[in-house]
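If you want the building blocks of each chain, they are given just below.
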Amino acid sequence: MLTLASKLKRDDGLKGSRASAAASDSTRRVSVRDRLLVKEVAELEANLPCTCKVHFPDPNKLHYFQLTVTPDEGYYQGGKFQFETEVPDAYNMVPPKVKCLTRIWHPNITETGEICLSLLREHSIDGTGWAPTRTLKDVVWGLNSLFTEDFRSKVEDYIRRYAR
(Lines give C-alpha, C1' and ligand atoms only; values in the text may rest on other atoms or scores of the structure.)
Protein backbone atom coordinates (compact mmCIF):
# COMPACT_ATOMS: atom_id res chain seq x y z
CA MET A 1 0.00 0.00 0.00
CA LEU A 2 1.33 3.44 -0.98
CA THR A 3 1.16 6.04 1.78
CA LEU A 4 2.04 9.70 1.74
CA ALA A 5 4.99 9.09 4.08
CA SER A 6 6.46 6.39 1.85
CA LYS A 7 5.96 8.50 -1.27
CA LEU A 8 7.76 11.44 0.37
CA LYS A 9 10.64 9.15 1.45
CA ARG A 10 10.92 7.78 -2.07
CA ASP A 11 10.84 11.28 -3.57
CA ASP A 12 13.51 12.43 -1.11
CA GLY A 13 15.71 9.46 -2.08
CA LEU A 14 15.42 10.39 -5.73
CA LYS A 15 16.37 14.01 -5.08
CA GLY A 16 19.73 13.11 -3.57
CA SER A 17 21.13 15.00 -0.62
CA ARG A 18 19.21 15.87 2.53
CA ALA A 19 19.82 19.58 1.97
CA SER A 20 18.03 19.60 -1.36
CA ALA A 21 15.19 17.57 0.15
CA ALA A 22 14.81 20.06 2.99
CA ALA A 23 14.83 22.95 0.54
CA SER A 24 12.17 21.30 -1.62
CA ASP A 25 10.01 20.64 1.46
CA SER A 26 10.10 24.31 2.42
CA THR A 27 9.07 25.41 -1.06
CA ARG A 28 6.29 22.81 -1.18
CA ARG A 29 4.73 23.94 2.09
CA VAL A 30 3.06 27.11 0.95
CA SER A 31 -0.22 27.60 2.75
CA VAL A 32 -3.53 27.73 0.94
CA ARG A 33 -4.00 31.26 2.28
CA ASP A 34 -0.73 32.46 0.75
CA ARG A 35 -1.49 30.88 -2.62
CA LEU A 36 -4.92 32.53 -2.63
CA LEU A 37 -3.49 35.88 -1.57
CA VAL A 38 -1.07 36.03 -4.50
CA LYS A 39 -3.98 35.76 -6.93
CA GLU A 40 -6.33 37.98 -4.95
CA VAL A 41 -3.82 40.79 -4.44
CA ALA A 42 -3.12 40.89 -8.17
CA GLU A 43 -6.88 41.03 -8.88
CA LEU A 44 -7.38 43.64 -6.17
CA GLU A 45 -4.70 45.96 -7.52
CA ALA A 46 -6.18 45.67 -11.02
CA ASN A 47 -9.73 46.49 -9.82
CA LEU A 48 -9.11 49.01 -7.04
CA PRO A 49 -11.65 51.86 -6.78
CA CYS A 50 -10.15 55.26 -7.61
CA THR A 51 -10.86 56.38 -4.02
CA CYS A 52 -8.76 53.58 -2.48
CA LYS A 53 -5.05 52.86 -2.10
CA VAL A 54 -3.47 49.69 -0.75
CA HIS A 55 -0.11 49.68 1.03
CA PHE A 56 1.86 46.58 2.03
CA PRO A 57 4.34 47.50 4.82
CA ASP A 58 6.20 44.24 4.12
CA PRO A 59 5.82 43.05 0.50
CA ASN A 60 6.66 39.48 1.63
CA LYS A 61 3.63 39.41 3.93
CA LEU A 62 0.55 39.66 1.75
CA HIS A 63 -1.64 38.72 4.73
CA TYR A 64 -1.22 42.17 6.29
CA PHE A 65 -1.92 45.44 4.49
CA GLN A 66 -3.27 48.92 5.00
CA LEU A 67 -6.06 50.49 3.01
CA THR A 68 -6.65 54.21 2.60
CA VAL A 69 -10.11 55.38 1.54
CA THR A 70 -10.44 58.98 0.32
CA PRO A 71 -14.13 59.58 -0.51
CA ASP A 72 -14.88 61.93 -3.40
CA GLU A 73 -18.56 62.45 -2.53
CA GLY A 74 -20.95 62.62 0.41
CA TYR A 75 -20.47 63.63 4.03
CA TYR A 76 -16.95 62.28 4.20
CA GLN A 77 -15.69 63.93 1.00
CA GLY A 78 -12.10 65.09 1.38
CA GLY A 79 -11.44 62.82 4.35
CA LYS A 80 -8.69 60.24 4.51
CA PHE A 81 -9.49 57.04 6.39
CA GLN A 82 -6.96 54.33 7.21
CA PHE A 83 -7.87 50.67 7.68
CA GLU A 84 -5.68 47.80 8.82
CA THR A 85 -6.42 44.39 7.33
CA GLU A 86 -5.06 41.09 8.58
CA VAL A 87 -5.89 37.85 6.80
CA PRO A 88 -5.98 34.88 9.22
CA ASP A 89 -4.45 31.47 8.50
CA ALA A 90 -7.93 29.94 8.06
CA TYR A 91 -8.72 32.33 5.18
CA ASN A 92 -10.91 31.87 2.96
CA MET A 93 -13.11 29.96 5.36
CA VAL A 94 -13.10 32.92 7.77
CA PRO A 95 -13.18 36.62 6.92
CA PRO A 96 -10.21 38.97 7.19
CA LYS A 97 -9.95 41.09 10.32
CA VAL A 98 -10.33 44.79 9.51
CA LYS A 99 -9.93 47.72 11.88
CA CYS A 100 -10.33 51.43 11.23
CA LEU A 101 -7.24 53.32 12.42
CA THR A 102 -8.73 56.78 11.86
CA ARG A 103 -10.92 58.17 14.59
CA ILE A 104 -14.25 58.98 12.95
CA TRP A 105 -17.94 59.28 13.69
CA HIS A 106 -19.67 56.80 11.43
CA PRO A 107 -22.74 54.67 12.13
CA ASN A 108 -20.86 51.52 11.12
CA ILE A 109 -17.53 52.20 12.86
CA THR A 110 -17.11 52.14 16.65
CA GLU A 111 -14.85 54.44 18.67
CA THR A 112 -12.30 51.65 18.90
CA GLY A 113 -12.28 51.09 15.13
CA GLU A 114 -14.38 47.94 14.86
CA ILE A 115 -16.40 47.81 11.67
CA CYS A 116 -20.00 46.70 11.31
CA LEU A 117 -20.17 45.35 7.78
CA SER A 118 -22.06 42.13 7.14
CA LEU A 119 -19.52 40.68 4.73
CA LEU A 120 -16.88 40.85 7.48
CA ARG A 121 -18.96 38.62 9.75
CA GLU A 122 -18.48 34.91 9.79
CA HIS A 123 -22.20 34.43 10.48
CA SER A 124 -24.71 37.15 9.72
CA ILE A 125 -28.44 37.23 10.22
CA ASP A 126 -29.21 38.61 6.76
CA GLY A 127 -27.31 35.84 4.97
CA THR A 128 -24.86 38.24 3.31
CA GLY A 129 -21.97 37.43 5.63
CA TRP A 130 -18.61 35.95 4.75
CA ALA A 131 -18.53 33.04 2.32
CA PRO A 132 -15.51 31.24 0.83
CA THR A 133 -16.46 32.70 -2.55
CA ARG A 134 -15.75 36.25 -1.34
CA THR A 135 -12.38 37.89 -1.93
CA LEU A 136 -10.30 40.80 -0.70
CA LYS A 137 -11.74 42.84 -3.55
CA ASP A 138 -15.20 42.45 -1.99
CA VAL A 139 -13.84 43.65 1.36
CA VAL A 140 -12.22 46.76 -0.15
CA TRP A 141 -15.30 47.63 -2.20
CA GLY A 142 -17.47 47.09 0.90
CA LEU A 143 -15.32 49.45 2.98
CA ASN A 144 -15.36 51.99 0.16
CA SER A 145 -19.15 51.79 -0.02
CA LEU A 146 -19.43 52.93 3.60
CA PHE A 147 -18.49 56.40 2.37
CA THR A 148 -20.52 56.71 -0.82
CA GLU A 149 -23.60 58.82 -1.47
CA ASP A 150 -25.74 55.69 -1.80
CA PHE A 151 -24.88 54.77 1.78
CA ARG A 152 -25.95 58.23 2.92
CA SER A 153 -29.38 57.84 1.34
CA LYS A 154 -29.84 54.46 3.04
CA VAL A 155 -29.02 55.99 6.44
CA GLU A 156 -31.44 58.85 5.82
CA ASP A 157 -34.18 56.37 4.82
CA TYR A 158 -33.53 54.37 7.97
CA ILE A 159 -33.75 57.48 10.15
CA ARG A 160 -37.01 58.58 8.48
CA ARG A 161 -38.60 55.17 9.02
CA TYR A 162 -37.47 54.23 12.51
CA ALA A 163 -36.61 57.44 14.37
CA ARG A 164 -40.15 58.51 15.20
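The written sequence of each chain sets the order in which its residues are numbered from 1. Local features in this predicted model are restricted to residues whose pLDDT is 70 or higher, and side-chain atom pairs enter the listing and the counts only when it is 80 or higher, whereas totals over whole chains, interfaces and linings include all residues. For the side-chain quantities, the full set of heavy atoms in the structure was used; hydrogens and water were omitted.

### With respect to helix α3 (residues 32-46)
In an α-helix, one turn spans 3.6 residues; hence positions three or four apart end up facing the same way. Note on conventions: DSSP H or I runs of at least 4 residues are helices, E runs of at least 2 residues are strands, and numbering of each starts at the N terminus. To estimate the expected span of a helix, count its residues, drop one, and scale the result by 1.5 Å. Its 15 residues place the ends of α3 22 Å apart at the C-alpha level, agreeing with the 21 Å of an ideal helix rising 1.5 Å per residue. In this fold, the buried residues of α3 make contact with β1 (52-55) and α4 (136-145). Working rule for contacts: check all heavy atoms of both residues, and any pair within 4.5 Å makes them a contact.

### Describing the UniProt feature "active site" (unreviewed entry) in the protein
UniProt positions are given in the numbering used here, feature names are shortened, and annotations may be inferred rather than shown by experiment. According to UniProt, the feature "active site" (unreviewed entry) maps to C116 in the numbering used here. Once residues lying within four places of it in the same chain are set aside, the contact partners of C116 are N108 and R121.

### As for the confidence of the model for the protein
Each residue carries a pLDDT value, the predictor's own confidence for that position, ranging from 0 to 100. Averaged over every residue, the pLDDT of the protein is 81; residues scoring 70 or more account for 74%. Per-residue pLDDT stays below 50 along residues 1-8; that stretch engages in three contacts with residues further than four places along the chain or on separate chains. Predicted confidence for residues 17-24 stays below pLDDT 50, and this span has three contacts to residues more than four positions away or in other chains.

### Description of the nonpolar core
We call a set of buried Ala, Val, Leu, Ile, Met, Phe, Trp, Tyr and Cys residues a nonpolar core when their side-chain atoms join them within 4.5 Å. Exposed residues in this analysis have more than 50% of their type's maximum accessible area, buried residues have under 20%, and partly exposed residues fall in between, with area computed by a 1.4 Å probe over protein chains only. Grouped together as the largest cluster of nonpolar side chains are 28 residues, with contacts concentrated most on F83, I115, L136, L143 and F147. Among the elements that line this core, the one with the most residues is α4, at four residues. The residues contacting I115, other than those within four sequence positions of it, are F83, V98, K99, C100, N108, I109, L120, L143 and L146.

### Quick look at the packing of α3 against α4
For any two helices packed against each other, one specifies the crossing angle of their axes together with the interaxial distance. At a closest axis distance of 8 Å, the pairing of α3 and α4 adopts a crossing angle of 40 degrees. Viewed along their axes, α3 and α4 adopt a mutual orientation that is oblique. Mapping the contact onto sequence places L37, E40, V41, E43 and L44 in α3 and L136, K137 and V140 in α4. Tallied by class, the residues present in the contact of α3 with α4 amount to five nonpolar, no polar and three charged. To obtain each axis, a line is fitted to C-alpha atoms, and for helices this fit is confined to the stretch in contact; angles are then taken between N-to-C directions over 0 to 180 degrees. Throughout this description, any angle smaller than 35 degrees is read as roughly parallel, any larger than 145 degrees as roughly antiparallel, any in the 65 to 115 degree range as roughly perpendicular, and the remainder as oblique. Throughout, the ten residues Ala, Val, Leu, Ile, Met, Phe, Trp, Tyr, Cys and Pro are labelled nonpolar, Asp, Glu, Lys and Arg are labelled charged, and all others, Gly among them, are labelled polar.

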